[in-house]
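Residues per chain are reported as follows:
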Amino acid sequence: IMNAILRHRYALLGSLLAFGNLYLAYLFRFDLVPLKLPYDLIGNILYLDNPVYNFGGFFVDGSEPSVRRLPTVLILIYVSYILYRYLLRTRLRLQTLFSVLLLGGVGGLTLDILSYGSVCDWLGFMIPGGLYYSLLNVSDLMILISAPFASLLCIHNIFLRLIAFS
């Protein structure tokens, strides 16, 4: 059993990050956060806000649930599976780190959609003095940080690397 756990340790860590995002979504969805929202974390730059539910997917209107979202869900499930399998092989440390983060992000979005039918965004970000802000969640943040690095470090074909990075 210990050999199986050690073999799957990075994939399990990525999965644990995904379930962590699902737990945070649960807390925000059911108003279990013990803070008065909005709650400023870093001087009008980073803050916790009341949740906003995103029903959209890639190139789909996100204002309400739609069957057109099904391809997005299937893509997320497939990418989560591929990342899990990717992490079963020995990789360089940076490849492993960014792949674990990417699995946590993609898996977190997938679990959120499959559990609740929508993605719960609650982490606000605003450029100081700006007029616009962005709401996202921890899974989005993991994807935004890890995807560019993972595409450069993990994909060996230059053509596929350019597609993944764009």
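Since the structure is predicted, the reported quantities are computational estimates derived from the model, not experimental observations.

Rules behind the numbers
- Residues numbered from 1 in each chain as written.
- Predicted model: local features only at pLDDT ≥ 70, side-chain atom pairs only at ≥ 80, totals over all residues.
- Heavy atoms only, no water.
- Helix = DSSP H or I, 4+ residues; strand = E, 2+ residues; numbered from the N terminus.
- Contact = heavy atoms within 4.5 Å.
- Areas by Shrake-Rupley, 256 points an atom, 1.4 Å probe, with all protein chains shown as cover.
- Phe/Tyr/Trp six-rings, centres within 6.5 Å; stacked < 30°, edge-to-face > 60°.
- Buried < 20%, exposed > 50% of the residue type's maximum accessible area, 1.4 Å probe, protein only.
- Salt bridge = Lys/Arg side-chain N within 4 Å of Asp/Glu carboxyl O.
- Patch = residues over 30% accessible without salt bridge, like charges linked within 9 Å, V, L, I, M, F, W, Y side chains within 5 Å.
- Expected span 1.5 Å × (residues − 1).

Engineer: How should the overall build of the protein be read in this particular structure?
Structural biologist: Summing up its helical and strand segments, the protein has six helices and four strands in all. Taking contacts inside the protein between residues at least 6 apart in sequence as the whole, the part at least 24 apart equals 62%. Accessible area for the protein stands at about 10,700 Å²; split by element, carbon and sulfur atoms hold 70% of it.

Engineer: I tried to follow the packing of aromatic side chains on my own but got confused; where do I start?
Structural biologist: Here a ring pair, both rings aromatic, is described through the centre-centre distance and the interplanar angle of the planes. With the rule as written, the count across this model stands at five aromatic pairs. Note on Tyr 23 and Tyr 26: the rings are 6.4 Å apart at their centroids and 25° apart in plane angle, and the pair reads as stacked. With a gap of three residues between them, Tyr 23 and Tyr 26 both fall in helix α2 (residues 9-29), about one helical turn apart. Tyr 26 sits in the partly exposed class, given a relative accessible area of 35%. Taken together, the aromatic side chains of Tyr 23, Tyr 26, Phe 30 and Tyr 116 make up a single cluster linked through ring pairs.

Engineer: Which parts of the structure should I look at to understand the pattern of salt bridges?
Structural biologist: Two side chains carrying opposite charge are able to pair once their charged atoms lie near each other. One pass over the structure, following the stated rule, counts one salt bridge. Across the salt bridge formed by Asp 112 and Arg 29, the nearest N and O atoms sit 3.4 Å from each other. Here Asp 112 is found in helix α4 (residues 93-116), whereas its partner Arg 29 is found in helix α2, with 83 residues between them in sequence. A relative accessible area of 0% means that Asp 112 is categorised as buried. We classify Arg 29 as buried; its relative accessible area is 15%.

Engineer: Mind showing me how you'd approach a nonpolar patch on the surface here?
Structural biologist: A surface patch of nonpolar side chains, about 540 Å² in accessible area, is lined by Ile 1, Met 2, Ile 5, Leu 6 and Leu 12. Here Ile 1 is to be found in the segment before α1 (2-7).

Engineer: Please explain unusual backbone geometry as it appears in this structure.
Structural biologist: For residues other than glycine, phi is negative in most cases, and the peptide bonds are mostly trans. With an omega dihedral of 0°, the bond running from Leu 37 to Pro 38 counts as a cis peptide bond. Within the secondary structure, Pro 38 sits in the loop between α2 and β1 (39-42). Even without being glycine, Asp 31 reaches a positive phi, approximately 55°. With respect to the helices, strands and loops of the structure, Asp 31 is situated in the loop between α2 and β1.

Engineer: Can you help me understand helix α3 (residues 70-86) in this one?
Structural biologist: One full turn of an α-helix is made of 3.6 residues, so residues set three or four places apart face in the same direction. Over its 17 residues, α3 extends 24 Å from the first C-alpha to the last, a length consistent with the 24 Å expected when each residue adds 1.5 Å. Buried residues along α3 sit in contact with α4 and α5 (138-154).

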